[in-house]
Amino acid sequence: MTTPLALVFYERLLPGSQLVNRLQDLGYRVQTISDVQTLVRQALQEKPLILVTDLASACADMCAIIRELKRNPETRHIPVLAFTELKNEKMQASAAAAGATIVAGNEAILDQLPQLLDQALQVE
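Since we're looking at a predicted model, the values are computed, not measured.

Undergrad: What is the right way to read the nonpolar core from this model?
TA: Side chains that are nonpolar tend, in soluble globular proteins, to be buried together. Val 36, Leu 39, Leu 51, Met 62 and Leu 69 are the most contacted members of the largest nonpolar core, which has 21 residues in total. Mapped by element, the contributors of at least two residues to this core are strand 1 (5-9), helix 2 (39-46), helix 3 (62-71), strand 4 (80-84) and helix 4 (89-98). For this core, the element with the highest residue contribution is helix 3, accounting for 5 residues. If we ignore the near neighbours within four places in the chain, the residues touching Leu 39 are Phe 9, Ile 33, Leu 51, Met 62, Ile 65 and Leu 69. Ranked by size, the runner-up nonpolar core spans 18 residues in total, among them Ala 6, Val 8, Leu 110 and Leu 116.

As structure tokens, this is what we get:
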């Protein structure tokens, strides 16, 4: 049996690298995405169990990428756990509207990761 794969995108070293380590501690294989423009293609190829993404990106509109992922019939089932600053309510709302399964605050993502993953992976 293979371990579940999590695709992870982040630009900021913290909490990004800590998130990768935490996912590995929880038993996930982790593949980081360095070029966010390839995210949907990588999701198609790798077939991850979950995508974890920082919404703050200097090079891309992450909500547009989540929307593209959710519009594709082959990737729409992949849960998206997104995180951003808690005070950025506009970004949180945009991510939810784009199709993010859960939008968490940067402050909570590491401490509450097991619970957030459980919630994101619940089959509806």
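Undergrad: Sorry, what's going on with the side chain of Thr 75 here?
TA: Note that Thr 75 resides in the loop between helix 3 and strand 4. Accessibility expressed as a relative area gives 0% for Thr 75, which makes it buried. Polar side-chain contacts of Thr 75 include one of 2.6 Å to the backbone oxygen of Leu 69. In contact with Thr 75, not counting residues within four places along its chain, are Val 40, Ala 43, Leu 44 and Leu 69.

Undergrad: Even after reading the chapter, I still don't get the sheet that holds strand 3 (residues 50-54), so can you show me in this structure?
TA: Backbone hydrogen bonds are what pair the strands of a sheet, in a parallel or an antiparallel way. Taken in spatial order, the 5 strands of this open sheet run 2-1-3-4-5, and their pairing is parallel. Edge strands, defined here as strands with exactly one partner in the open sheet, are strand 2 (29-33) and strand 5 (102-105). Put simply, the sheet's adjacent strands are angled 20° from each other on average, direction ignored.

Undergrad: For this particular structure, what's the right way to read helix 1 (residues 13-25)?
TA: Each full turn of the α-helix corresponds to 3.6 residues, which orients residues three or four apart in the same direction. Given a rise of 1.5 Å per residue, 13 residues ought to cover 18 Å, and the 18 Å separating the end C-alpha atoms of helix 1 matches this to within 8%. Every buried residue of helix 1 is accounted for by Pro 15, Gly 16, Leu 19, Val 20 and Leu 23. Across the axial projection of helix 1, the buried residues extend over an arc of 150°, all falling on one side. Residues of helix 1 that are exposed and angled more than 90 degrees away from the buried face: Leu 13, Leu 14 and Asp 25. Along its buried surface, helix 1 packs onto strand 1, strand 2, strand 3, strand 4, helix 5 (106-109) and helix 6 (113-121). Phi turns positive, to about 95°, at Gly 27, one or two residues after helix 1.

Definitions and cut-offs
- Residues numbered from 1 in each chain as written.
- Predicted model: local features only at pLDDT ≥ 70, side-chain atom pairs only at ≥ 80, totals over all residues.
- Heavy atoms only, no water.
- Core = buried A, V, L, I, M, F, W, Y, C linked by side-chain atoms within 4.5 Å.
- Buried < 20%, exposed > 50% of the residue type's maximum accessible area, 1.4 Å probe, protein only.
- Helix = DSSP H or I, 4+ residues; strand = E, 2+ residues; numbered from the N terminus.
- Contact = heavy atoms within 4.5 Å.
- Polar contact = N/O pair within 3.5 Å; in protein donor to acceptor, adjacent residues only side chain to side chain.
- Pairing = 2+ DSSP bridges.
- Axes fitted to C-alpha atoms, helices over the stretch in contact; angles between N-to-C directions.
- Expected span 1.5 Å × (residues − 1).
- Arc of directions from axis to C-beta.

These values are about where atoms sit, not about what they do.
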